Amino acid sequence: MDSKNAEFTALLTRASQAETSADPSSVMTLLADTDGPGGGFTTYRSTFTEGAVGAPAHFHTKATELFFVISGSLQVLVSDEITVLNAGDFLAVPPHTPHAFAAAPGREADVLFVFTPGMARFDYLRLLGSVMRGETDPKKIAESSERYDNHYVDSPVWREALAAS
């Protein structure tokens, strides 16, 4: 099925056909990336090794980011508050809300992410993997901020939490 169709009645991504992007601390399974009427959605699954840092503090201007923890524990910053999500927990972060995430200290995490409304984000996820593997200059991430609606911010609270773990 073509996930770029403007309209669709159903979208099926078989596990055996899903693209993966791996770096030293995580594996992302790219599930759906649509730009349909109403904005579509982007969905991927990330498995984080113990001690893996998922994303620095950032916000989105258009999308709500949804987190569902399949297993393990995910440490999350929302605004200036840090919490730990455990298996079965769900979190929705609205636009313009700074957030960050990492595997909780001493834990691994398996997390389903959904962005809605979506935009073509798979190229951004591929870029992240390439940067994490040392294949691409990290400046490319900053240069892609507007294109992928990822706006990085400084968070002393998050820096302190990461230093403590």
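Residue numbers restart at each chain and count upward from 1, following the sequence in its written direction. Side-chain atom pairs in this predicted model are given and counted only at pLDDT of 80 or more, local residue features only at pLDDT of at least 70, and totals for whole chains, interfaces and linings cover all residues. To get the side-chain values, take all heavy atoms of the structure and skip hydrogens and water.

Caption draft 1: Up close: the pattern of salt bridges. Basic side-chain nitrogens of Lys or Arg form a salt bridge, by our definition, when they fall within 4 Å of a carboxyl oxygen of Asp or Glu. Applying the stated criterion across every chain yields a total of 7 salt bridges. Between Arg126 and Asp123 there is a salt bridge, and its shortest N-O distance comes to 2.6 Å. Placement of both Arg126 and Asp123 in helix α1 (residues 122-132) is noted, with a separation of 3 residues, approximately one turn of the helix. Note on Asp123: relative accessible area 40%, which makes it partly exposed. Residue Glu135 is joined to Arg133 by a salt bridge in which the shortest nitrogen-to-oxygen separation is 3.1 Å. Counting from the N terminus, the helices are DSSP H or I runs at least four residues long and the strands are E runs at least two residues long. Each residue's exposure class comes from its accessible area (1.4 Å probe, protein chains only) as a fraction of the maximum for that residue type: buried when under 20%, exposed when over 50%, partly exposed otherwise.

Caption draft 2: Geometry of the pairing of strand β4 (residues 53-59). Any two strands between which DSSP finds at least two bridges are classified as paired. Judged from the 3 bridges that link them, β4 and strand β8 (residues 99-103) form a sheet pairing that is antiparallel. Pairing of Ala55 across the sheet is with Phe101, part of β8. In the sheet, β4 pairs with strand β10 (residues 151-152) via 2 bridges, with the strands oriented antiparallel. In the sheet register, His58 faces β10, and the bridge partner there is Tyr152.

Caption draft 3: Main features of the pairing of strand β1 (residues 19-23). The sheet contact formed by β1 and strand β2 (residues 26-33) spans 5 bridges and is antiparallel. By the bridge assignment, Ser21 is partnered in β2 with Met28. In textbook terms, the turn of a hairpin is the stretch between consecutive antiparallel strands, and for β1 and β2 this stretch comprises 2 residues.

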